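Chain by chain, the residues:
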Amino acid sequence: MSYRTAHPLRSVTLDDVRGAQKMLSGVARTTALESSRHLSRTVGTPVHLKCENLQRTGSFKLRGAYVRIAGLLPEERAAGVVAASAGNHAQGVALASSLLGVHSTVFMPQGAPLPKVSATREYGAEVRLHGQVVDEALAAAEEYAARTGAVFIHPFDHPDIIAGQGTVGLEILEQCPEVGTIVVGMGGGGLAAGIAVAVKSVRPDVRIIGVQAEGAAAYPPSLAAGHPVTVGSPATMADGIKVGTPGPVPFGLVAELVDEVRTVSEDQLSAALLLCLERAKLVVEPAGASPVAALLADPGGFSGPVVSVLSGGNVDPVLMQRVLRHGMAAQGRYLAVRLRLTDRPGALATLLGVLSAADANVLDVSHIRTDPRLGLSEAEVELHLETQGPTHRTEVTAALRKSGYVIID
């Protein structure tokens, strides 16, 4: 479904994006466009991955942040800049400010992943931890800007930000002139809006498809209403696109230029991240994997060649471990079971022998022998197993039951 307005008001033009590209020369990398044989076979048309996860700071955010800060007046630069973010925007603002000799202050939630906090500091920003969620950090940043005169750098709702992000679209046209569809993750909409401006101005026939997480999908109701609508309490593992309200500036461009917005589930995000790691050998955060999740969810629904924008790779190692297991479970390749057995010498070895015969790979074993719930001669075992798929997982469970083990729900 298309959500085009009858009389669009463009706040960003192709010339703006081309100007941003010149400004970013020597600053942002021209990231690789890698073909994926696995996805091409799955989708039935050539699929390429635009690797913004390999951009400086690990995401596309440097592009817009640099263009925005570089466009400030001398007196504005002297006052410094302030931003709020849980990760990618924070690092983009920090590095851009350092490169331009501007002092930056970044407010981050107290629960922000430590690697992202450390990286933001290392890029040169003064980091202040405030609140439990990004919205609280955002309020603190806006208060700081009003009190000190520092310029607030919005993560997506400004024409300069959108023009900077649009340079990804120009690179795609240069690297894949025959592109038929571009699939891009959406939070506030700055990246999708910028890419759409750049691409549609040159190739209006190219389809632009935005992707949001089901638990943080503010664009579908906003587009249906014709204005930005707030989604209360957005919830998703994809923190890079967890935005409750579209920005007015990108919203207008998305409504005019983006052909369709789709949503993906948490299971689909996990499976996509796992695929990127296993098949493409690329570390991608859940938000960056959202376009791949859309391809896997509807492999026959895209006209090619397809370019899937991997927008970022800044994933917390602890989250990565959880997501990978979640992705394996979604694909039927992970099984967690609890069962009781008689506490006698060799009982655990016998159990492991049953699993070995069933070709299940044991990832972790927890053997509990002392617990008020257990009888004097009982033990409880919790097993985390790697399986070969849904059918094999069923076979492993059946083998355990056939051997007399009772699986505890």
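Residues numbered from 1 in each chain as written. Predicted model: local features only at pLDDT ≥ 70, side-chain atom pairs only at ≥ 80, totals over all residues. Heavy atoms only, no water.

K.L.:
For this particular structure, what's the right way to read the overall build of the protein?
P.N.:
The helix and strand inventory of the protein stands at 16 helices and 14 strands. Since a compact globule built from 409 residues should have a radius of gyration of about 22 Å, the 24 Å found for the protein is in line with a globular shape. A principal-axis box enclosing the C-alpha atoms of the protein has dimensions of 75 × 50 × 40 Å. Burial statistics for the protein: of 409 residues in total, 55% are counted as buried. (Helix = DSSP H or I, 4+ residues; strand = E, 2+ residues; numbered from the N terminus. Rg over C-alpha atoms; globule rule 2.2 N^0.38 Å. Buried < 20%, exposed > 50% of the residue type's maximum accessible area, 1.4 Å probe, protein only.)

K.L.:
Would you mind showing me how to read the packing of aromatic side chains here?
P.N.:
Each pair of aromatic rings is reported with the distance of its centres and the angle of its planes. For the structure on display, the rule yields 2 aromatic pairs. Directly above the ring of Phe 302 sits Arg 262, whose terminal nitrogen or CZ lies 4.5 Å from the centroid. (Phe/Tyr/Trp six-rings, centres within 6.5 Å; stacked < 30°, edge-to-face > 60°. Lys NZ or Arg CZ within 6 Å of the ring centre and 35° of its normal.)

K.L.:
Looking at this structure, I do not really get the nonpolar core. What am I missing?
P.N.:
Soluble globular proteins tend to pack their nonpolar side chains together in the buried interior. Membership of the largest hydrophobic core comes to 58 residues, with the highest contact counts inside it found for Ile 69, Val 81, Val 179, Ile 182, Ile 195, Ile 208 and Val 309. Beyond its immediate chain neighbours, meaning those up to four positions away, Ile 182 contacts Ile 172, Ile 195, Val 199, Val 206, Arg 207, Ile 208, Ile 209, Val 307 and Val 309. Within the second largest apolar cluster, 37 residues are counted, among which are Val 47, Val 292, Val 315 and Met 320. (Core = buried A, V, L, I, M, F, W, Y, C linked by side-chain atoms within 4.5 Å. Contact = heavy atoms within 4.5 Å.)

K.L.:
I keep staring at the sheet that holds strand β11 (residues 334–342) and nothing clicks. Help me out?
P.N.:
Two strands in a sheet stick together by hydrogen bonds in their backbones, pointing the same way (parallel) or opposite ways (antiparallel). The strand order across the open sheet built from 4 strands is β12-β13-β11-β14, with neighbouring strands paired in antiparallel fashion. What marks the edges here is a single partner per strand, and that holds for β12 (361–368) and β14 (406–408). Sheet twist, expressed as the average angle between the axes of neighbouring strands with direction ignored, equals 35°. Alignment of β12 against strand β13 (residues 378–386), held across 7 bridges, turns out to be antiparallel. Counted as the bridge partner of His 367 is Val 381 from β13. (Pairing = 2+ DSSP bridges. Axes fitted to C-alpha atoms, helices over the stretch in contact; angles between N-to-C directions.)

K.L.:
What is the right way to read the packing of helix α1 (residues 14–23) against helix α9 (residues 190–202) from this model?
P.N.:
Their axes nearest at 9 Å, the elements α1 and α9 cross at an angle of 115°. The pairing of α1 with α9 is recorded here as roughly perpendicular in orientation. Judged by the twist between their axes, the crossing of α1 over α9 is left-handed. Each of Leu 14, Val 17 and Arg 18 in α1 lies in contact with α9, whose residues at this interface are Val 197, Ala 198, Ser 201 and Val 202. A class-by-class count of the residues in the contact of α1 with α9 yields 5 nonpolar, 1 polar and 1 charged. (Parallel < 35°, antiparallel > 145°, perpendicular 65-115°, else oblique. Left-handed = near helix turned anticlockwise from the far one by under 90°. Nonpolar A, V, L, I, M, F, W, Y, C, P; charged D, E, K, R; others polar.)

K.L.:
Where do I start with the environment of Asp 205 in this structure?
P.N.:
Assignment of secondary structure puts Asp 205 in the loop between α9 and β8 (207–213). Residues Asp 205 and Thr 181, 24 residues apart in the sequence, show an inter-C-alpha distance of 9.0 Å. Among the polar contacts listed, one links the side chain of Asp 205 to the side chain of Arg 203, at a separation of 2.8 Å. (Polar contact = N/O pair within 3.5 Å; in protein donor to acceptor, adjacent residues only side chain to side chain.)

K.L.:
What should I look at first to understand the packing of helix α3 (residues 61–70) against helix α5 (residues 88–100) in this one?
P.N.:
In a packed pair of helices, the relevant descriptors are the angle between the two axes and the axis-to-axis distance. Across the interface, α3 lies against α5 with an axial gap of 8 Å and an inter-helix angle of 45°. Comparing their axes, α5 and α3 come out oblique. Two packed elements cross with a definite hand, and for α3 against α5 that hand is right-handed. The residues of α5 that touch α3, namely those facing Lys 61, Leu 62, Ala 65, Tyr 66, Ile 69 and Ala 70, are Asn 88, His 89, Gly 92, Val 93, Leu 95, Ala 96, Ser 97, Leu 99 and Leu 100. Tallied by class, the residues present in the contact of α3 with α5 amount to 10 nonpolar, 4 polar and 1 charged.

K.L.:
I keep staring at the pattern of salt bridges and nothing clicks. Help me out?
P.N.:
If charged atoms from side chains of opposite charge come close, those side chains can pair. Overall, the coordinates contain 12 salt bridges when judged by the stated rule. With a shortest N-O distance of 2.8 Å, Glu 52 and Arg 63 are connected by a salt bridge. On the criterion of sequence distance, the pair formed by Glu 52 in the loop between β2 (47–51) and α3 and Arg 63 in helix α3 is long-range, its members being 11 residues apart. The class of Glu 52 is buried, set by a relative accessible area of 0%. For Arg 63, a relative accessible area of 1% puts it in the buried group. (Salt bridge = Lys/Arg side-chain N within 4 Å of Asp/Glu carboxyl O.)

K.L.:
Looking at this structure, how should I read the sheet that holds β2?
P.N.:
Strand order in this open sheet of 6 strands is β1-β2-β10-β7-β8-β9, and the pairing throughout is mixed. Every interior strand has two partners, whereas the edge strands, β1 (33–35) and β9 (260–264), have only one. On average, adjacent strands in this sheet sit at an angle of 25° to one another, irrespective of strand direction. In this sheet, strand β10 (residues 306–310) lies alongside β2 in parallel orientation, the contact comprising 5 bridges. Residue pairing across strands places Val 47 opposite Val 306, the latter belonging to β10.

K.L.:
Honestly, a nonpolar patch on the surface in this entry has me stumped. Any pointers?
P.N.:
A surface patch of nonpolar side chains, amounting to about 170 Å² of accessible area, comprises Leu 352, Val 362 and Val 365. The residue Val 362 is located in strand β12 in this model. For Val 362, a relative accessible area of 31% translates into the label partly exposed. (Patch = residues over 30% accessible without salt bridge, like charges linked within 9 Å, V, L, I, M, F, W, Y side chains within 5 Å. Areas by Shrake-Rupley, 256 points an atom, 1.4 Å probe, with all protein chains shown as cover.)

K.L.:
Help me understand the side chain of Lys 61, please; the structure alone is not making it clear to me.
P.N.:
The topology assignment puts Lys 61 in helix α3. There is no salt bridge for the buried Lys 61, and the closest opposite charge comes from Glu 285, which lies 9.5 Å off by N-O distance. Ignoring sequence-local partners within four residues, the contact set of Lys 61 consists of Asn 88, His 89, Gly 92, Pro 155 and Gln 165. (Lys, Arg positive; Asp, Glu negative; His and termini not counted.)

K.L.:
Please explain the confidence of the model for the protein as it appears in this structure.
P.N.:
Predicted coordinates in areas of low pLDDT are best not read in detail. Per-residue confidence for the protein gives a mean pLDDT of 90, with 95% of residues at or over 70. Every residue in residues 1–10 scores below 50 in pLDDT, and together they form 20 contacts with partners more than four places removed in sequence or on other chains. (pLDDT = per-residue confidence, 0-100.)

K.L.:
Honestly, helix α8 (residues 159–175) in this entry has me stumped. Any pointers?
P.N.:
Each α-helix turn comprises 3.6 residues. Residues three or four places apart therefore point the same way. Taking 1.5 Å of rise per residue, 17 residues should cover 24 Å, and α8 covers 25 Å from first to last C-alpha, within 8% of that figure. Burial within α8 is extensive, with 13 of its 17 residues counted as buried. (Expected span 1.5 Å × (residues − 1).)

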